[in-house]
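Each chain is listed here by its residues.
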Amino acid sequence: MQENVTRAVVFTLLLCLNIRLLNGESPPGKPVIFKCSSPEKETFTCWWKPGANGGLPTNYTLTYYKEGEDTIYECPDYNTSGPNSCYFSKKFTSLWSVYIIRVYATNKMGISASDERLVDVAYIVEPNPPKNVTLEIQQPEDGKPYLWIKWVPPTLADTASGWLLLQYEVRLKHEKAVEWEIYFAGQQTNFKVLSFYPGYKYLVHVRCKPDHGLWSKWSEEHSIEIPSDLNMNDETTWIFVAILSAVICLVMVWAVAFKGYRMMTCILPPVPGPKIKGFDTRLLETGKTEEFLTAFGCQGFPPTSDCEDLLVEFLEVNDSEDQQLMPSFSKKYPGQGVKFRHPDRDNDSGHGSCDSPSLLSEKCGGPWANPRTFHIPKVIEKLENLEANITCTWDPLNISTEGKIFNFHTNGSRSSTWPLPQPSQHKPRSPYHSTAEVCKLPMGPKAALATVLDKSVKDALKFSKSIEIGGEEKAVKKMEVESFPAKTEQDTAWLLPQEKTPFIPEKTLDYVEIHKVNKDGALSLTPKQKNSIDQTEKPQASEISKEYVKVVRVTDNNILVLVPDPRAQNKEAPRSLQQNQAEKDTSCFTATPSNCRLHLGGSDYLDPASLTHSFHGQFE
Amino acid sequence: MNAKARGSLLMVLLMSSLLLWKNVASLSHCTAKLAHQTTLPRLLEHATILSDSIHVLTSELCHDFTTLYSQDTDIFSVLRKRCHTASITTPSDKEEILKMKEKDLIILVIYLMRSWDDPLSHLMAQAVHLPEVPLNFMEKSQSIQEKIQQLLEGLKTMARQLGLQVTDYVDYAVWTELAPLNSDKGKDFTDAFHHLCHCLLRDTYKVDSFLKVLKAYVSHDRHK
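Just so it is clear, the structure is predicted and the values come from calculations on it, not from any experiment.

### Brief notes about the overall build of chain B
Step number 1: What chain B contains, in helices and strands, is 9 helices and 0 strands.
Step number 2: Along the chain direction, N to C, the helices and strands of chain B fall in the order α-α-α-α-α-α-α-α-α.
Step number 3: Taking all 224 residues of chain B together, 42% fall into the buried category.
Step number 4: Pairs at least 24 residues apart make up 87% of the contacts formed inside chain B by residues separated by at least 6 positions.
Step number 5: Split by element, the accessible area of chain B, about 12,200 Å² in all, is 59% carbon and sulfur.

Have a look at this one:
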């Protein structure tokens, strides 16, 4: 019986369905839930899209159930969110639990159900766009103008309680631009735009996103007209400054690169090494302090009374500007380079060019170990003694490559100077001079000097000694060795004032040849005929060989400027010596003075230059 | 001149040190409440940064995993299983959270985080058996674990500051899902992974939300 009824119902339904179909009516199509979102993480809404309605009015029903529960609920609100939507209010919203939602479409012909949609409200948060977007042009006094964009969070979002943390994004472009400039604004509700072009109309949008949610839609479009006369100079000013600096830097780099050396020497001049005249580190190392001290020219203390013997009778100074003794010192050999300039007033006065490095006395040790065989050191020694008689006080070094003045006190009250080559005329080659020494000659300087100069041809090879008078003695009486024979009454000095001595006339150089060197260390020189600088020429007369000359200085051209000794019989013009076979001997001076004997058998020429060089070589 | 400069510098140093000592002395006289209020916001700031990072990393981890194994996974079966931390009652909306006290929130967060220490270790240990390990899976899971530990440290400090005892937060949810992870069946294995991922994602989100609410509450409270 029941079966019959059921069959009848089914048949009827099928019949009706067929009739409906024949009428063109059909059940609804399958709806699709296309979106579910929550604007503030407290409520949410689902929207669906209906399917074909089948030509008949269709009802849509949304049902859901939660995970772990069996109860099926129907949508609480179909209207709030518009048609085809279901709004779940706070009461019906639970976070962190999955909703399984389904929509049914029902019409007369049938029912269609959508696919199940799984929704966890926490993951579908999509806020509304920010509101109240305002645009302003701000022009601070001490800065660039900027576009200031402000907004407020969307109405529903609860940012105050920390429930939603929103981050914002701004996009803007001017009207005619194609692409948007998008700027991330963080969690702040304002943004400053610094780069924009005056005179354009700018469009601005803002959107927001919660910390684990989705971006909102862009807000409404807001626009602002940037005034054309806006002062945007800061940037251009800085660009100008930057370009200028870059140009300047490039120029400097170029200058340095091309003229680097000169500039460097100009900016950072080379530091001159310390020079102590008369300072010989070798002596210091040997530990012979006495020798060391004597190297400074101070022999013993107090000075002996032999000074008088050592003083030459006269000191002839040739005021020839050309002939200057070169201080040919080396670092190591402080020497007692007796540098003196011989102002030669007479043509026939010999120019001794004494630009020899100092020949230390026997007491100096070092390369001058053998004073016996080497006369020059003796002379030096005598010079030292001479100076020793002068109250030798150690003065602080006055190292000066400028003209140094040898101060040679004569008679205590006067002082003679052993002039150094003028700096203006010659560049002092040797930076070293013996220590300044204040010495006073207790006796007639001339005699002493003469004595010295007797042997001083070799002295000429000595280094200049710069003795500087300190203190009140500063005012040095400069002796000028006038000529040969000089005025013994006067204080003669190898004068070379630091300034140019205008009274020293130019003198031509004459050549002399060394005839021999006597045991006293006197260098016998013969004047050399100008025409023949033949080195092998024997001296004409033995008398000539007796001629003494004094070494005045060594010129720049490595020429020993000698002055004939006043006691010499033949007054010959001083000649400059040329080096010859005596070079062998000279080389003795230079290379190994210790085994040097100044035996100039033949007429030998001394080239003080070679001496100088060799001495230089020695000392370096 | 040098001596003078040195002397003056010394004087300046002495004066400044005197002043500093004064400041320090004054600080030490602060009340306990003031000290607590000074450090709790900073701790919460740090904690929220950590919790945010933990959730982001977990999200990436799970996303990578899902992308690889989505076809194999039955979402519903994954969802139907409850997380092992479901036993911990947590608020499910804003009002409920706002009603909670600071202490309770801290305890809750500690609960949740402690419950994940064990499963995470196993997850990392068993990840090598996955048919296909997603990119940087191990690094991310390692990082998650480290950050959870750091977060727990901070939470315990906060608990002490709030006057909580260690015994107040010893509980945690025991994870008993080891068996599926050890199973040889591929589908069960990946399903277990999926389920763990899903639960971890949720719990890290909860922790992050709770802490952010707490942070806002604390900073708002002191500005009253």
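### Overview of the UniProt feature "transmembrane region" (unreviewed entry) in chain A
Step number 1: In this structure's numbering, the residues bearing the UniProt feature "transmembrane region" (unreviewed entry) are residues 238-258 of chain A.
Step number 2: Span residues 238-258 of chain A is 100% helix and 0% strand, its end C-alpha atoms 30 Å apart.

### Let's talk about the environment of threonine 176 of chain B
Residues and elements named next belong to chain B.
Step number 1: Inspection of the secondary structure puts threonine 176 in the loop between α7 (137-161) and α8 (178-182).
Step number 2: Assessed through its relative accessible area of 58%, threonine 176 is described here as exposed.
Step number 3: For the pair threonine 176 and aspartate 118, spaced 58 residues apart in the sequence, the C-alpha separation amounts to 9.8 Å.

### Quick notes on the interface of chain A and chain B
Step number 1: At the junction of the two partners, chain A supplies 24 residues and chain B supplies 24 residues.
Step number 2: Together, the buried faces of chain A and chain B total about 2,100 Å²; carbon and sulfur atoms form 59% of this surface.
Step number 3: Here chain A and chain B share 6 salt bridges between them.
Step number 4: Note that aspartate 158 of chain A and lysine 94 of chain B form a salt bridge whose closest N and O atoms lie 2.4 Å from each other.
Step number 5: Of all the secondary-structure elements, those providing two or more residues to the side of chain A that touches chain B are β6 (98-107) and β8 (117-120) of chain A.
Step number 6: A breakdown of the residues in the side of chain A that touches chain B according to their chemical character gives 10 nonpolar, 6 polar and 8 charged.

### Section: the environment of isoleucine 144 of chain B
Step number 1: Turning to its location among the elements, isoleucine 144 of chain B is positioned in helix α7.
Step number 2: Taking the C-alpha atoms as reference points, isoleucine 144 of chain B and leucine 50 of chain B, 94 residues apart in sequence, are found 9.5 Å from one another.

### Focus: the sheet that holds strand β1 (residues 32-37) of chain A
All names here are of chain A.
Step number 1: Judged by pairing direction, the sheet is antiparallel, and its 3 strands sit side by side in the order β1-β2-β5 without closing on themselves. Only two strands of the sheet have a single partner each, and these edge strands are β1 and β5 (85-88). For this sheet the average axis-to-axis angle between neighbouring strands, irrespective of direction, equals 15 degrees.
Step number 2: Bridge count for strand β2 (residues 44-49) against β5 is 4 bridges, and the pairing is antiparallel. Looking across to β5, one finds that cysteine 46 is bridged to cysteine 86.

### Here's the deal with the UniProt feature "binding site: Zn(2+)" (unreviewed entry) in chain B
Step number 1: When the UniProt feature table is mapped to this numbering, "binding site: Zn(2+)" (unreviewed entry) covers Asp208 of chain B.
Step number 2: Along the chain, aspartate 208 of chain B turns up in helix α9 (residues 186-222).
Step number 3: Apart from the residues lying within four places of it in its own chain, the contact partners of aspartate 208 of chain B are Asp211 and His212 of chain A together with Thr48, Ser51 and Asp52 of chain B.

### Observations regarding empty space enclosed by the protein
Step number 1: According to the stated counting rule, one finds 1 cavity of 30 Å³ or more in the structure shown.
Step number 2: By volume, the largest cavity amounts to about 30 Å³.
Step number 3: For the largest cavity, the full set of lining residues is Lys41, Glu42, Lys90 and Thr93 of chain A together with Asp93, Lys94 and Glu95 of chain B.
Step number 4: Classifying every residue of the lining of the largest cavity by side-chain character gives no nonpolar, 1 polar and 6 charged.

### Topic: unusual backbone geometry
Residues and elements named next belong to chain A.
Step number 1: Residues other than glycine seldom take positive phi values, yet lysine 41 does so here, at roughly 65 degrees.
Step number 2: In this fold, lysine 41 is placed in the loop between β1 and β2.
Step number 3: Judged by its relative accessible area of 2%, lysine 41 is buried.
Step number 4: Phi angles above zero are rare outside glycine, and asparagine 84 is one such case at about 55 degrees.
Step number 5: Position of asparagine 84 among the secondary structure elements: in the loop between β4 (73-74) and β5.

### Brief notes about the sheet that holds strand β13 (residues 190-193) of chain A
Pairing between sheet strands relies on hydrogen bonds along the backbone, with the strands arranged either parallel or antiparallel.
Residue and element names in this part refer to chain A.
Step number 1: Within the open sheet, the 3 strands sit side by side as β9-β10-β13. Their pairing is antiparallel. In this open sheet, the two strands that pair with only one neighbour each are β9 (131-138) and β13. Neighbouring strand axes in the sheet, compared pairwise and without regard to direction, differ in orientation by 15 degrees on average.
Step number 2: Two elements, β9 and strand β10 (residues 146-152), share 6 bridges in a ladder whose sense is antiparallel. By the bridge assignment, threonine 134 is partnered in β10 with lysine 150.

### Side note on the packing of helix α6 (residues 117-126) of chain B against α7 of chain B
Residue and element names in this part refer to chain B.
Step number 1: Contact pair α6 / α7: the axes reach a minimum separation of 10 Å and the direction vectors enclose 165 degrees. Between α6 and α7, the interaxial angle falls into the category roughly antiparallel. Crossing geometry of α6 relative to α7 is assigned as left-handed. On α7, the residues touching Asp117, Leu120, Ser121, Leu123 and Met124 of α6 are Phe137, Met138, Ser141, Gln142, Ile144, Gln145, Ile148 and Gln149.
Step number 2: Grouping the amino acids of the contact of α6 with α7 by side-chain chemistry returns 7 nonpolar, 5 polar and 1 charged.

### Looking at the nonpolar core
Step number 1: Phe44, Leu62 and Ile101 of chain A together with Ile106, Leu151 and Leu155 of chain B are the most contacted members of the largest nonpolar core, which has 72 residues in total.
Step number 2: Broken down by element, this core gets its largest block of residues, 12 residues, from α9 of chain B.
Step number 3: If near-sequence neighbours (up to four positions away) are discounted, leucine 62 of chain A is found in contact with Cys46, Trp48, Tyr73, Glu74, Cys75, Tyr78, Cys86, Phe88, Ile101, Arg102 and Val103 of chain A.
Step number 4: One finds Leu172, Phe191, Cys208 and Ile224 of chain A within the second-largest nonpolar core, a separate group that totals 23 residues.

About the criteria used
- Residue numbers run consecutively from 1 along every chain, following the written order of its sequence.
- Chains and ligands are labelled by the order in which they are written, letters from A for the one and numbers from 1 for the other.
- The model is predicted, so local features are restricted to residues of pLDDT at least 70 and side-chain atom pairs to those at 80 or more, both for listing and for counting; the totals for chains, interfaces and linings are taken over all residues.
- The side-chain numbers reported here are obtained from all heavy atoms of the structure, hydrogens and water having been left aside.
- Working definition: helices are DSSP H or I runs of at least four residues, strands are E runs of at least two. Numbering for both runs from the N terminus.
- Accessible area is worked out with a 1.4 Å probe on protein chains only. A residue is then buried under 20% of its type maximum, exposed over 50%, and partly exposed in between.
- By definition, residues are in contact when any of their heavy atoms lie within 4.5 Å.
- To measure how exposed things are, a 1.4 Å probe is used in the Shrake-Rupley method; for residues, cover is taken only from the protein chains shown.
- UniProt positions are given in the numbering used here, feature names are shortened, and annotations may be inferred rather than shown by experiment.
- Summed over both partners, the accessible area lost on bringing two parts together, with a 1.4 Å probe, is the buried area.
- The working definition used for a salt bridge is a side-chain nitrogen of Lys or Arg within 4 Å of a carboxyl oxygen of Asp or Glu.
- Think of it as three bins: nonpolar holds Ala, Val, Leu, Ile, Met, Phe, Trp, Tyr, Cys and Pro, charged holds Asp, Glu, Lys and Arg, and polar takes everything else, Gly as well.
- Two strands qualify as a pair provided that DSSP identifies no fewer than 2 bridges between them.
- Structural elements are reduced to axes, namely lines fitted to C-alpha atoms, with helices fitted over the stretch in contact, and the angle between N-to-C directions of any two is expressed from 0 to 180 degrees.
- For cavity detection a 1 Å grid was placed over the protein atoms alone, and a set of points counts as a cavity when a 1.4 Å probe fits there but cannot get out; an open set counts as a pocket when protein lies on both sides within 12 Å along at least five of seven lines, with lining residues being those that have an atom within 4 Å of a point.
- Grid points are joined across faces, edges and corners, and a volume is the space filled by probe spheres set on the points.
- Convention used here: angles under 35 degrees read as roughly parallel, angles over 145 as roughly antiparallel, angles from 65 to 115 as roughly perpendicular, and any remaining angle as oblique.
- Handedness of a crossing follows from how the near helix is turned relative to the far one, being left-handed for an anticlockwise turn of less than a right angle and right-handed for a clockwise one.
- Within this scheme, the nonpolar core is defined by two criteria: the residues are buried Ala, Val, Leu, Ile, Met, Phe, Trp, Tyr or Cys, and they are joined through side-chain atoms within 4.5 Å.

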